[in-house]
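Listed below, chain by chain, are the residues.
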Amino acid sequence: MDPSEVEFLAEKEMVTIIPNFSLDKVYLIGGDLGPFNPGLPVDVPVWLAINLKQRQKCRIVPPDWMDVEKLEEIREQERKVGMFTPMPSPYYMELTKLLLNHASDNIPKADEIRTLVKDTWDTRIAKLRLSADSFVSQQEAHAKLDNLTLMEINTIRQLFLESLNHMYKLRTNMQPGKDSAKSQDF
């Protein structure tokens, strides 16, 4: 899975919008949306919220967790704790990117939010790299990493797969009874 596929999944998350138009309920395969009445909040998928925002048909209400004080708490908690802490959304990074790129005028303190989410991301990726280094150096066969998001797993996936494959090859070639020609096959 590549980052664009993860972003596609994130676009299915629901956000609240304040429409400036009227429309009856819309019946979609993924579920019914609306009705849309000017000034009354309604929950819609991110993809629709962005589309309506681009056409100046709504104002996007940022998720509750997209607040400077809450994000500062999350960042500090992530820095203090050695393990991965639960994130407010499984798509926190993708949602932040999408909403700030398309609706930053609807989000108070957008630059601070962008910085806090990036700091949290950097802290979590640094932890992930340390975990991967420890995993490989201790020649472990399996690992359990709780509270990772799909995008975080996606960033380390290739490294883990290649490391496990190399470790497997090294282990099988070091076993007694293998012929020398096979041990040369890396």
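Under an unreviewed UniProt entry, the name given to the protein chain is DNA replication complex GINS protein PSF2, and the organism recorded is Lepisosteus oculatus. On record in UniProt, under Subunit (unreviewed entry), the comment for the protein chain is "Component of the GINS complex."

Turning to the packing of helix H1 (residues 3–10) against helix H6 (residues 150–174), a few remarks are in order. For the pair H1 and H6, the least separation of the axes is 10 Å and the interaxial angle reads 170°. On the basis of the axis angle, H1 is roughly antiparallel to H6. Contacts between H1 and H6 pair Pro3, Val6 and Leu9 from the former with Leu150, Met151 and Asn154 from the latter. Among the residues making up the contact of H1 with H6, the classes are represented as 5 nonpolar, 1 polar and no charged.

Turn by turn, an α-helix covers 3.6 residues, leaving residues three or four places apart pointing in a common direction. Given a rise of 1.5 Å per residue, 28 residues ought to cover 40 Å, and the 40 Å separating the end C-alpha atoms of helix H5 (residues 110–137) matches this to within 8%. Among the residues trailing H5, Gln139 stands out with phi positive, at a value near 50°.

Let us look at the pattern of salt bridges. A complete count under the given rule lists 9 salt bridges for this structure. When the shortest N-O distance is used, the salt bridge between Glu7 and Lys97 registers 3.1 Å. Taken together, the residues Glu7 in helix H1 and Lys97 in helix H4 (residues 92–103) connect sequence positions 90 residues apart. Among the ionic pairs, Lys127 bridges to Glu78, the shortest N-O distance being 2.8 Å. Residue Lys127 is located in helix H5, and its partner Glu78 is located in helix H3 (residues 68–80); the two are separated by 49 residues in the primary sequence.

Judged by side-chain charge, Glu69, Glu72, Glu73, Asp111 and Glu112 come together as a negatively charged surface patch. Counting residues per element, the ones that place at least two in the negative patch are H3 and H5. In terms of residue count, H3 provides more of the negative patch than any other element does, 3 residues in total. Locating Glu72 in the fold gives a position in helix H3. Exposure remark for Glu72: the relative accessible area of 34% places this residue in the partly exposed category.

In terms of strand pairing, strand E1 (residues 14–19) meets strand E4 (residues 42–45) through 4 bridges, oriented antiparallel. Paired with Ile17 across the two strands is Val42, which belongs to E4.

Our next topic: the side chain of Thr123. Positionally, Thr123 belongs in helix H5. If we skip the residues at most four places from it in the chain, Thr123 touches Glu78 and Arg79.

A negative phi holds for most residues other than glycine; trans holds for most peptide bonds. With omega at 5°, the peptide bond leading from Gly34 into Pro35 counts as cis. Inspection of the secondary structure assignment puts Pro35 in the loop between strand E3 (31–33) and E4. Phi at Asn147 takes a positive value of approximately 65°, unusual for a residue other than glycine. Position of Asn147 relative to the elements: it lies in the loop between H5 and H6.

Here we take up the sheet that holds E4. Taken in spatial order, the 3 strands of this open sheet run E4-E1-E5, and their pairing is antiparallel. Both outer strands of the open sheet, E4 and strand E5 (58–61), are each paired with one neighbouring strand and no more. Mean inter-strand twist for the sheet, computed between neighbouring axes without regard to direction, equals 45°. Across the sheet, helix H2 (residues 46–54) touches E1, E4 and E5, and the angle it forms with E4 is around 105°.

So, on to the UniProt feature "domain: DNA replication complex GINS protein PSF2 N-terminal" (unreviewed entry) in the protein chain. Taking the numbering used here, the UniProt-annotated feature "domain: DNA replication complex GINS protein PSF2 N-terminal" (unreviewed entry) corresponds to residues 2–61. Annotated as residues 2–61, this span is 28% helix and 33% strand, and its ends, taken at the C-alpha atoms, are 28 Å apart.

Cut-off values and rules
Residues numbered from 1 in each chain as written. Predicted model: local features only at pLDDT ≥ 70, side-chain atom pairs only at ≥ 80, totals over all residues. Heavy atoms only, no water. UniProt positions renumbered as here; feature names shortened; annotations may be inferred. Axes fitted to C-alpha atoms, helices over the stretch in contact; angles between N-to-C directions. Helix = DSSP H or I, 4+ residues; strand = E, 2+ residues; numbered from the N terminus. Parallel < 35°, antiparallel > 145°, perpendicular 65-115°, else oblique. Contact = heavy atoms within 4.5 Å. Nonpolar A, V, L, I, M, F, W, Y, C, P; charged D, E, K, R; others polar. Expected span 1.5 Å × (residues − 1). Salt bridge = Lys/Arg side-chain N within 4 Å of Asp/Glu carboxyl O. Patch = residues over 30% accessible without salt bridge, like charges linked within 9 Å, V, L, I, M, F, W, Y side chains within 5 Å. Areas by Shrake-Rupley, 256 points an atom, 1.4 Å probe, with all protein chains shown as cover. Lys, Arg positive; Asp, Glu negative; His and termini not counted. Charge placed at Lys NZ, Arg CZ, Asp CG, Glu CD. Buried < 20%, exposed > 50% of the residue type's maximum accessible area, 1.4 Å probe, protein only. Pairing = 2+ DSSP bridges.

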